[in-house]
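# A closer look at the structure
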Amino acid sequence: MIMKRKYLYIAVLLFAAFSCKDVLDTTPETSISDASVISDEKSATAALIGVYDGVQGYFGVNQLAHNVIADNLVNSTAPGNIIPTLVASGTSAFDPTSSAGYPLVYVAINRANFVIKNTKALADVAISTTARNQVVGEAYFLRALAYFDLVRTYGGVPLILEPTVTASQYDGVKRSTVAETYAQVLADLDNAEKLLTTTIVRNRANLYSVYALKARYYLYNSNWDKAEEYSSKVISNTTGFKLVKPFSTFYTTIKSTESIFELTFSTSDKNPIYTYLLSSAEGGRLDYIAEAGFVQLLLDPNKGGARKSLVKQLSSGSYAVTEYGNQDGSSSLFVLRLAEQYLIRAEARAKKSAPDLTNAVSDLNVIRTRSDVPAFAATASTTVNDVLLAIENERRYELAYEGHRFSDIVRTGRAATVFGALNPLFTDPGRWVFPIPYTQIVADPDLEQNPAYK
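Bear in mind that the values here come from a model prediction, so they are computed numbers and not experimental data.

### Some points on the overall build of the protein
When helices and strands are tallied, the protein shows 17 helices and six strands. The buried share among the 454 residues of the protein stands at 60%. The long-range fraction of contacts in the protein, counting pairs at least 24 apart against all pairs at least 6 apart in sequence, stands at 70%. Total accessible area on the protein is roughly 16500 Å²; 53% of this is exposed by carbon and sulfur atoms.

### Details of the confidence of the model for the protein
When pLDDT is averaged across the protein, the result is 91; 90% of the residues are at 70 or more. Predicted confidence in the protein is weakest over helix α1 (residues 7-13), with a mean pLDDT of 37, and strongest over helix α7 (residues 207-220), with 99. Confidence over residues 1-36 falls short of pLDDT 50; this stretch has 105 contacts with residues more than four positions distant or in other chains.

### Details of the pattern of salt bridges
Scanning the model with the defined rule gives 34 salt bridges in all. Across the salt bridge formed by Asp446 and Lys174, the nearest N and O atoms sit 3.9 Å from each other. Taken together, the residues span a long stretch of sequence, with Asp446 in the segment after α17 (438-443) and Lys174 in the loop between α5 (129-154) and α6 (178-195) at a distance of 272 residues. According to the relative accessible area criterion, Asp446 is partly exposed, its value standing at 24%. We classify Lys174 as exposed; its relative accessible area is 52%. Across the salt bridge formed by Glu398 and Arg337, the nearest N and O atoms sit 3.0 Å from each other. Highlighted residues: Glu398 in helix α14 (residues 384-398) and Arg337 in strand β6 (residues 333-337), separated in sequence by 61 residues.

### A closer look at the packing of α5 against α6
Relative orientation of the contacting elements α5 and α6 amounts to 160°, with a least axis distance of 8 Å. Taken together, the axes of α5 and α6 lie roughly antiparallel to each other. For α5 against α6, the interelement crossing comes out left-handed. Residues Asn133, Val136, Gly137, Tyr140, Phe141, Arg143, Ala144, Tyr147, Phe148, Val151 and Arg152 of α5 pack against Val178, Thr181, Tyr182, Gln184, Val185, Asp188, Leu189, Asn191, Ala192 and Leu195 of α6. Considered class by class, the residues forming the contact of α5 with α6 number 13 nonpolar, five polar and three charged.

### A word on the nonpolar core
Among the nonpolar cores identified, the biggest contains 135 residues, and Tyr58, Phe141, Leu150, Phe261, Tyr401 and Phe419 are the most heavily contacted of them. With 15 residues, the top contributor of residues to this core is α5. Sequence-distant contacts of Tyr58, that is, excluding residues within four places in its chain, are made with Gly101, Leu104, Val105, Ala108, Leu145, Ala146 and Asp149.

### Notes on the packing of aromatic side chains
Two measures describe an aromatic ring pair: the distance that separates the ring centres and the angle between the ring planes. Enumeration over the complete set of coordinates arrives at 25 aromatic pairs. Summarising the aromatic geometry, the rings of Tyr208 and Tyr211 are spaced 5.7 Å apart at their centres and angled 85° between planes, so their arrangement reads as edge-to-face. On the criterion of helical spacing, the pair formed by Tyr208 and Tyr211 is a turn pair, its members being three residues apart in helix α7. Each member of the pair Tyr208 and Tyr211 is classed as buried. Taken together, Phe148, Tyr182, Tyr208, Tyr211, Tyr217, Tyr218, Tyr220, Tyr230 and Phe241 form an aromatic cluster joined through their ring pairs. When the ring centre of Tyr230 is taken as reference, the NZ or CZ atom of Lys233 above it lies at 5.4 Å. Positioned above the aromatic ring of Tyr220, the side-chain terminus of Arg411 is 5.4 Å from the ring centre.

### Some words on the side chain of Ser331
Structurally, Ser331 is set in the loop between β5 (319-321) and β6. At 3.4 Å, the side chain of Ser331 and the backbone nitrogen of Gly325 are in polar contact. A polar contact of 3.0 Å, which involves the side chain of Ser331, links it to the backbone nitrogen of Asn326. Dropping the residues within four chain positions of it, Ser331 is found in contact with Phe265, Asn271, Glu323, Tyr324, Gly325 and Asn326.

### Notes on the pairing of strand β2 (residues 259-263)
Within β2, five of the five residues are buried, which leaves the element mostly enclosed by the surrounding structure. Bridge count for β2 against β6 is four bridges, and the pairing is antiparallel. Counterpart to Ser259 in the pairing with β6 is Arg337.

### A few points about the environment of Ser309
Within the secondary structure, Ser309 is located in the loop between α11 (292-299) and β4 (311-313). Among the residues examined, Ser309 registers a relative accessible area of 24% and is labelled partly exposed. In this structure, the C-alpha to C-alpha distance between Ser309 and Pro246, residues 63 residues apart in sequence, is 9.6 Å. Not counting residues within four places of it along the chain, the set of residues in contact with Ser309 comprises Phe247, Ser248, Tyr251 and Thr322.

### Digging into the side chain of Glu394
Structurally, Glu394 is set in helix α14. The contact partners of Glu394, leaving out residues within four places of it in the chain, are Arg307, Leu343, Leu364, Ile367, Arg368 and Leu399.

### Quick look at the packing of helix α12 (residues 338-351) against α14
Interhelical geometry of α12 versus α14 gives an angle of 165° and a closest axis separation of 10 Å. Between α12 and α14, the angle falls in the class roughly antiparallel. You can see that α12 and α14 cross each other, and the crossing is left-handed. Taken together, the residues of α14 that come into contact with α12 (itself represented by Ala339, Glu340, Leu343, Ile344, Ala346, Glu347, Ala350 and Lys351) are Val384, Val387, Leu388, Ile391, Glu394, Arg395 and Glu398. A class-by-class count of the residues in the contact of α12 with α14 yields nine nonpolar, no polar and six charged.

Parameters and conventions
Residues numbered from 1 in each chain as written. Predicted model: local features only at pLDDT ≥ 70, side-chain atom pairs only at ≥ 80, totals over all residues. Heavy atoms only, no water. Helix = DSSP H or I, 4+ residues; strand = E, 2+ residues; numbered from the N terminus. Buried < 20%, exposed > 50% of the residue type's maximum accessible area, 1.4 Å probe, protein only. Contact = heavy atoms within 4.5 Å. Areas by Shrake-Rupley, 256 points an atom, 1.4 Å probe, with all protein chains shown as cover. pLDDT = per-residue confidence, 0-100. Salt bridge = Lys/Arg side-chain N within 4 Å of Asp/Glu carboxyl O. Axes fitted to C-alpha atoms, helices over the stretch in contact; angles between N-to-C directions. Parallel < 35°, antiparallel > 145°, perpendicular 65-115°, else oblique. Left-handed = near helix turned anticlockwise from the far one by under 90°. Nonpolar A, V, L, I, M, F, W, Y, C, P; charged D, E, K, R; others polar. Core = buried A, V, L, I, M, F, W, Y, C linked by side-chain atoms within 4.5 Å. Phe/Tyr/Trp six-rings, centres within 6.5 Å; stacked < 30°, edge-to-face > 60°. Lys NZ or Arg CZ within 6 Å of the ring centre and 35° of its normal. Polar contact = N/O pair within 3.5 Å; in protein donor to acceptor, adjacent residues only side chain to side chain. Pairing = 2+ DSSP bridges.

Right under this line is the structure:
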């Protein structure tokens, strides 16, 4: 598979060449090169910082790619091309139309594999049980997140669960199925759930992070009862998690009470995508701007409401995205936040075998009210589909630039209708996943391309 030739080897040699000091408030080791250096609690914690750095390295790229391929964000030089055609021929992991960070995700996974295997193997005298559980639990959670992002982006992928120590170690490993990949996500989340505590540090994994990602996992896998159950575990913790107001507070405040898990950055450890979205006057390149039709929805007080703060008009007349607008690169990337959990629960309640539309609408209106949008008024003639469409639209406004829109439309079976109307290629279900980057196919003959891109 892809990692065996280049990227896993790099991950072994540069395991901890990272700079995310703010992640764990621990000075990172800079010389970790293989599993042998995980010898005690300090080195295990330092290695864990490397896993977070790996997630930081891929997550923004993956999120940007999902934003670009959906209908909320467009290339500033081709704003009429709302749903661009994906290609496999790109050479850069940072090109959103040819890659969504595929090799970078495996760097994070390999680091997690090192931490899981070698921290579990430490003697009791080298690390306390509490510390071992925390480090291993966080690594399981981060590996689950990485595989979840891979499967929703590419479909089934090779499952690598042991640390790679030679470039050819995984020659011949084939892609797993979608079901097998999702099963690995759940297995890792189950392991994390057994190990992590309820102590909330919003840029570290904890038990509530697991609950929130499980809620998302169950939503994607159509287990509505479990999606409701796990989202409720987060929502019910009203001391730890609260929606913030005004809406913009969640992205202008680091680690607000709305945040369940976010990736934090600093002036020395910059958000990897912020320059793509800032104007040249703000030190960026403005590669991408808000799609004009979507801007009008955000500016509509009955739809976007307070979410209009997500965009701002430039002198050119186009609109820039503000969510990652700190000019020093310190804006967070939001992986899990409370608003999504309300919308997960709303959708799950509406889709259950015995739909609970009253409570689904109640959850929907919590989000609408926070953003100063009129409540959804259900009547005797309101149908399940009416409520589901309202939830779909609310997810589009509320989670506009957090990488959900494309997957939301794909997983609900509406991509041919919604995206196909803007680009006929997307009437083909084969286009509902990204291509494996061509450079990775060349590097690994055992890695099979998604059929639509052969």
